[in-house]
Every structure is written in structure tokens, then in C-alpha cells.
Amino acid sequence: MAAGGKTKFVIPPFRQSQAMDEEYANRTWQTLHSAIHEIHRQNASGLSFEELYRNAYNMVLHKFGDKLYNGLVETITLHLRGVAQEVAVAADGDFLPQLKEKWEKHRLSSIMIRDILMYMDRTYVVAQKKVAVFERGLQIFRDEVCRNDRIKGRLLATVLDLIHRERCSETIERGVIKTVTSMLVELGQDVYQRDFEVPFLEATADFYRKESHECLAQNSASEYMRKAEARLGEEHERVGHYLDKASEGRLNEVVERQLIAEHMRALAEMEHSGVVPMLEDDRTADLKRAYELFGRVTSPDGLGVIRELMSGHVKGRGQQLVAEEPRAARDPVEFVKGLLALRDKYQSIIQGAFSGDKTFFNALNSTFEYFINLNQRSPEYISLFVDEQMRKGMRGTSEDEVEAMLDKVVMLFRYLQEKDVFEKYYKQHLAKRLLGGRSISDDVERSMIQKLKQECGYQFTSKLEGMFMDMKVSADTQDKFRAANGSSKVESIDLSVQVLTTGFWPTQVSGGCNLPAPVARCCEVFREHYLKQHSGRRLQWQTSMGNADLKAQFGASRHEINVSTYMMCVLLLFNDNDRLSYADIARDTAIAPAELKRTLQSLACGKFKLLLKEPKGREVDESDAFSFNASFSSKQLRFKVGTVSAQRETEAEKHETRQKVDEDRKPQIEAAIVRIMKSRKEMEHNALIADVTAQLTARFMPHPNVIKKRIESLIEREFLERDKNNWRMYKYLA
């Protein structure tokens, strides 16, 4: 008894009661040989597998494993040579069915033989490092049948011919091919690849090489790609039906190379049907097919071909828009609408046809950035577009539509290299909207400023936000003035004042005029009130930014007219005079000549002719004379007289804006230089130029010559110095 009370049973090894001599071994082998022969004849029903297993066991146990193993190999070899003879002489129609039948019988026989000789597999084969019984049977079938000189070539040719016929739309027996390929795979992957896959892929390449050239010559790009797509689908199905799964990648590579890679450029650039016509005609389905097919090719880059053509096409369209500068100058809003329509079109194509591919979006963005900056007035035009949208363009639209429009504008803004120029114009247009009360919504204005802040940071929008703060403070100031004065009226004139912080608003240097005496007294009353509240401050009236509501009598009709401050000054002169010369008006109002001409042109040559000009004409000259138009009439009781050409800058204004931008850039460039030099201490000229450019690119693209001038200025002011031994090296002076 073992510890713990459990009985331990020991099974002794099987002891053979009778020793086996050579003669007995021969008789045993003959028994096994006969049994194997019957198994090959599919006549194994009368065999005792238990007895056969015991016989094989005894032979191996008594060291006759070599005799058993070698005899087995010889027996199978002789049998399969006969099988090969039968297959080789089979008629063409019976060749593959015959081979299929022989293979299936051999495989079944090999399984039965393996079961009988299982003990030999476990002991002798392992000890002697032989090939297992079943695998050895497969090897013999491979060598004696599949690679038989009369079978090998015929087998390959027959299978390839069937596949070729199927590719030519004939119906074939797929099952027999499946049996052949499965047989080759079971015989070994190297057998499948060397004896079938390699020549099969060569035949595939030849077939599609010829077909692709014929198809390309006879079809449009769209039709060719539809056929190529169908062919790729057929080859995918072919793998599922009768090829080894491992062949799919190599087969696809061959088909893709012949159908797509070899003809990518020809297809994409095909006249009347290539990628560019597809883009022009919005053929999303064809473009999607091209994207999916070309995307299969990685060397060379298939999608790169489509990206290149799309970029070139969009660049051409964009350059056409930019080249129409006279038209854009006449209607900048339409110019920007054209840019947005172009961007929307290709954004939609990339989303729908190119699966929102980021590389295509990057290419589109690079292209837009290129041609938008070809037009130096793009910042002004985009700001004018926003101005038009903020004043009336987005009136009546939903909140989502407003957000979508603002996002589109910010996207165009993102492309600008001179974002500070946009800021200058945007500030001017925003000021006019705020002071004139012409914005559709303060919330929309703030949303736009928030989006600009997200793009460029707080510094970019701080002045714009300051303008809104001034408007709020001004409303409070107006309330205090009304309370202190008992009314907002001074001498029957209703006065409304916005107090603006000088640094926030785009003040006009040329602004100023002689205000009518009653208006001047009103202004003085407000000044005294304001300075009592805020001692130490200085008020400077910006007459160029104001407006007035006038009540006018024209014959029997009365009207209320909204005009600019300059127009008010001119019109009030005609209360005491029926006719005035240009010189008289200029002397009495002291308005700058350019502004005065625009003002008189608006009053005498515009939609509402409140004054009559002598001589008549569209332009105002210093020799002209003006008189009150007593016969003026209008169906509108209230109307506004707009200033001629107020929407776009004159050349002088444009030059002035550019000068302001250049002046504002100088301290920014110098600050960037000092920041870099303070951290680096020493730096070579080109490296410093590159770093400064990189720091400022988000706001504007500084010219190297401008940076160089700022470096010289900093050297003069002893922020930097040149290295004594290398004049291209700069040192920071603490």
C-alpha cells in the first residue's frame, strides 16, 4: 500500500512470447504487403486492421523497422508508377477527372496505411529521422505522378487553359481545378508555387498585358476603369473558388501592375475622359473608382498622380480667377464668392470621391494658398466680402448657415500670407459697421472675432475686441450725458456720441472739417461733460467717421435724410445760399480735397441728386458750381445718401494702408529678432533670417530685405553687434 492508503498499479511492458527471426519477418512483411496492395485496390473491407497493426508493431519491436519502412516506400512507388501510366494515357477530356480520382484514392489509402503503421510513425520514424508515413506517401505521389514527364507539363497547360477560357467568359468545371490546386498545396507550398503559381502568374501577366493595351485603345478612361474594376473582382472570386488564399496578394499585384500601374499616367491624362474632365463634370462615381484603383498602386504612387492633376487643375482655375483683376476690383464680393464656390466644389469631391483623404485636402490647401496670394488685394477683398455678409448677406439665414459661412471665410483667411493686412481692412470695415449700426448681429460679429482669435491668438483680435468694449462704454457714457443734461438734445439737436479709444480704432489722419456752429456748440457741451467725468483725457472729433439725420424741405415734399458728417456740413451751407462754387464750399467746410470731391459727387451725381452741378457730368472739378435742387423728389420719406466709392479704397488710401501695415510690421520683426538672439546669443545671418521668417509666418511673410533693415536698425541702437572676424555673424548685446 502506498502512503495515503491508495493502491499503486504498475503496468509492465508488453513481452513478446516468441522471438522474430528473418524468415518470420519476411512472412509478416508479405502479409502487410498484401494488405497494402488490397488497400490500394480499394478492397480493404476484408482486412483485420487490428491484426495488421500487431504485425507492424512486432516488426518494429524486433528491429525490422528498416525492412518495413523501405518495403512500404517500394510498394507505394511501384503502385503510383502504374497510376501515372493510367493518367498519362487518359484522353484530354478525362485527364483531370482521372487525376482527381487517383489523387483522392491515394490520399484515402495513405490515411489507412498510416493508421496501420502508427507505431512505426511514433517510434522508428522519429528515432531514425525519417519522413512520416502519410507525408512520404504524398512525396512519392508528387515525384511519380505530378512530376512525371508525361503529366507535369500537360497538367499545367490544361489548368492554365481552363483558367484562360474562364477569363474569356466560358463556363468551366471549377471543382476539378480546386482539387488540383488543393492537391498541390497538400503536396507542399513549394510544390504549389513552383509547379503552378509561378507559371500561372506569368500567364496572368501576359493575358492582362495584351487585354489592357487593347482596352485602352478602344475605351474612354471611365469605361476602362470599370472593366479593370470588374476584372479585379473576378480575380478575387477566382481565389475563393479554386486558388490558394496565399496566392491572392501576388495575383492582385500582377493584375494591378498590368491593368493600372502600367497605364496610370495615360488613363489620368486621357483627353476628354481623364481625371481633369471628371473633375470638371463632377463625375464623383468615376473619380471614386479612379481613387480606389490608383490607390492599389503604391510604387509608383498611384494617388500621387491624381493629386498632381487635381492640384494643377485647381491652380489653373484659381489663376484664372486671380487674373481677372479688373473684374475683381469692380466686384470683390463676387471674386470671393468665386473662391468659395471653387473650394466648395473640390472639398465636396474630396469628401465624396476621395474618402476625405487628408493628403488631397493638404494638396488643395497648398494650391489655394498659392493662387490667393498672387493677388495682393486678396486680404482687402475677403474683408469686403465679410463686410457685405455682416451688413446684409446673412440676413434671414439660420444660425447653422451663419456658422458655416464664417467657417468658410476663416478658411480663406487661413490661406493669406499677409494676415495683418486683412486685419487692417477688417478693422476699418468693422468700425464702419459698428458706428453706422449696420451689422446684422453683434453675436455674429463676436463669433467671427472668436474664430480669428482661435486662428491667430489674442494679440490679433485684441483691438477688435476693444472696439466692442468701446461701443458698450459709449452707450453708458451717452446715458450719463442724457441724465446730466436732462435730455440728449442740445439746442434742439439730438446728439449721440461714441467715445473711441485711439489705439483700437482706425482713425483717419486726414479727417477734420469746420462743423456748423450749432453742431460745434453741441460738441463743446459734450466735451465739457466728458472731461469733468474723465480728467486728463483728450477728445479729438473724428468727423470722417460720423453721420447725421437731416430734415429737408424740397418744394412741397419733406424728407428725412441720413448722410455723412461731411455731407451734413455741405448741405447746411445751402440754408443760407442758393448757389456755391467748389472753392466756396472748400473754404467754408475745410474738408480735404479728395473727401470733398467724393462728398459733392455723392450729393450731385449719385442716386439722390440733392444738389445740381454746373456743368453737368459724373466727375467733380474745382471749377464746378453747385446749387440746391428745390425740385428734388423721391417716393421714400426716409433714405440714406451713400458715399460714392466708399466700399473700395482709392489708390491713395491703398498706399496709406500699405504704409501703415509696413510701419506696424517693423516692431514685430524687431521683437522676433531680439527674442531669437536673446536665446541663441550668436547667430549666422541666413539662420537668423530663416528663424525670424518662421516665427512671423503665422501673421505675415516678411521679405528678407526688410528683416535685414531691421537687423541694421537694431545694430545701430546697440541691441546687436557684428562679429569682428565674421561680418555675417551677429551677437546679442545684453
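An account of the accompanying structure is given in this report. (Residues numbered from 1 in each chain as written. Predicted model: local features only at pLDDT ≥ 70, side-chain atom pairs only at ≥ 80, totals over all residues. Heavy atoms only, no water.)

1. Re the overall build of the chain
To keep it simple, the criterion reads: Helix and strand definitions here come from DSSP, where helices need a minimum of 4 consecutive H or I residues and strands a minimum of 2 consecutive E residues; each element is numbered from the N-terminal end. Based on C-alpha atoms, the radius of gyration is set beside the globule rule, defined as 2.2 Å times the residue count to the power 0.38. For the exposure calls, accessible area comes from a 1.4 Å probe over protein chains only, and a residue counts as buried if that area is under 20% of its type's maximum, exposed if over 50%, partly exposed in between. By definition in these notes, contact holds between two residues if any of their heavy atoms fall within 4.5 Å. Here the accessible surface of atoms and residues is derived via Shrake-Rupley with a 1.4 Å probe, and residues count as covered only by protein chains that are part of the display. Positive charges are assigned to Lys and Arg, negative charges to Asp and Glu, while His and the chain termini are left out of the count. Lys charges are placed at NZ, Arg charges at CZ, Asp charges at CG and Glu charges at CD.
Check the secondary structure of the chain and you find 31 helices and eleven strands. In terms of overall dimensions, the chain is more spread out than a globule: its C-alpha atoms have a radius of gyration of 47 Å, far above the 27 Å expected for 734 residues. A principal-axis box enclosing the C-alpha atoms of the chain has dimensions of 150 × 75 × 70 Å. Per-residue burial over the chain gives 45% buried out of 734 residues. A separation of at least 24 residues holds for 70% of the contacts in the chain among residues at least 6 apart in sequence. Element-wise, carbon and sulfur atoms account for 49% of the exposed surface of the chain, whose accessible area totals about 38400 Å². Where the 109 positive side-chain charges of the chain centre and where its 108 negative ones centre are 4 Å apart.

2. Some points on the packing of helix α16 (residues 302-323) against helix α19 (residues 358-372)
We count it as follows: Note on geometry: axes are C-alpha line fits, over the in-contact stretch for helices, and angles between N-to-C directions span 0 to 180 degrees. The scheme is simple: roughly parallel for angles under 35 degrees, roughly antiparallel for over 145, roughly perpendicular for 65 to 115, oblique for anything else. Left-handed is the label given to a crossing in which the near helix is rotated counterclockwise from the far helix by less than a right angle, and right-handed is the label when the rotation is clockwise. Ten residues, namely Ala, Val, Leu, Ile, Met, Phe, Trp, Tyr, Cys and Pro, are considered nonpolar, four, namely Asp, Glu, Lys and Arg, are considered charged, and the remaining ones, Gly among them, are considered polar.
Between α16 and α19, the least distance of the axes is 9 Å, while the angle of their chain directions is 25°. Taken together, α16 and α19 sit at an angle that is classed as roughly parallel. Here α16 and α19 pass one another in a crossing that is right-handed. In this structure, α16 uses L303, I306, R307, M310, S311, V314, K315, G318, Q319 and V322 to contact α19, whose residues at the interface are T359, F360, A363, L364, T367, F368, Y370 and F371. Grouping the amino acids of the contact of α16 with α19 by side-chain chemistry returns eleven nonpolar, five polar and two charged.

3. Quick word on the environment of D244
Put simply, the rule reads: Distance and chemistry together define a polar contact, namely a pair of N or O atoms within 3.5 Å, with one atom able to donate a hydrogen and the other to accept it when in protein, and with adjacent residues in sequence counting only for side-chain atoms on both sides.
In this fold, D244 is placed in the loop between α11 (221-242) and α12 (247-259). Under the relative-accessibility criterion, D244 is labelled buried at 17%. With 59 residues separating them in the primary sequence, D244 and V185 have C-alpha atoms 7.5 Å apart. Contact partners of D244, with chain neighbours within four places excluded, come to V185, Q189, Y192 and V239. Among the polar contacts made by the side chain of D244, one reaches the side chain of Q189 at a distance of 3.2 Å.

4. Things to note about the nonpolar core
Which entries qualify depends on this criterion: Definition used in this section: a nonpolar core is a set of buried Ala, Val, Leu, Ile, Met, Phe, Trp, Tyr and Cys residues joined via side-chain atoms within 4.5 Å.
Grouped together as the largest cluster of nonpolar side chains are 146 residues, with contacts concentrated most on M120, M183, F294 and F354. Setting aside anything within four residues of it in sequence, one finds M183 in contact with L99, W103, F141, C146 and L155. Within the second largest apolar cluster, 34 residues are counted, among which are V563, L596, V620 and F626.

5. So, the pairing of strand β4 (residues 557-564)
Just so we agree on the cut-off: Criterion used throughout: strands pair if DSSP finds at least two bridges between them.
Here strand β3 (residues 547-554) runs beside β4; their pairing, made up of eight bridges, is antiparallel. The partner of F554 across the bridge, within β4, is S557. As consecutive antiparallel partners, β3 and β4 are separated by two residues, and within that stretch G555 has a phi angle of approximately 65°, a positive value. Examined bridge by bridge, β4 and strand β8 (residues 638-640) share three bridges and lie parallel to one another.

6. Some details on the environment of V322
Tracing the backbone shows V322 in helix α16. Between the C-alpha atom of V322 and that of F371, which follows or precedes it by 49 residues, the distance is 7.1 Å. In this structure V322 touches F335, F371, L374 and N375, once residues within four positions along its chain are discounted.

7. With respect to the sheet that holds strand β10 (residues 720-722)
Taking strand neighbours across the sheet as the criterion, the three strands line up as β9-β11-β10 in an open arrangement whose pairing is antiparallel. In this open sheet, the two strands that pair with only one neighbour each are β9 (682-684) and β10. Strand-to-strand, the axes of this sheet are offset by a mean angle of 30°, without reference to chain direction. In the packing of helix α31 (residues 704-716) onto the sheet, contacts are made with β10 and β11 (729-732), and the angle to β10 comes to roughly 100°.

8. What about the pairing of β11?
Of the strand pairs in this sheet, β9 and β11 are connected by three bridges, and their pairing is antiparallel. Note that in β11 the partner of E684 across the bridge is M729. Bridge analysis of β10 against β11 gives three bridges, and the strand direction is antiparallel. Note that in β11 the partner of L720 across the bridge is Y732. Where β10 folds back on β11, the antiparallel hairpin that results is connected by six residues.

9. As for the sheet that holds strand β5 (residues 579-581)
Here three strands make up an open sheet; going across it, the order is β5-β7-β6 and the pairing antiparallel. In the strand order of this sheet, the two ends are held by β5 and β6 (611-614), each with one partner. Going across the sheet, the axis of each strand differs from the next one's by a mean of 25°, ignoring polarity. Pairing analysis gives three bridges linking β5 to strand β7 (residues 625-628), with the strands arranged antiparallel. Bridging from a neighbouring strand, S581 pairs with A625 of β7. Each of β6 and β7 touches helix α28 (residues 593-604); the most contacted strand, β6, lies at about 110° to it.

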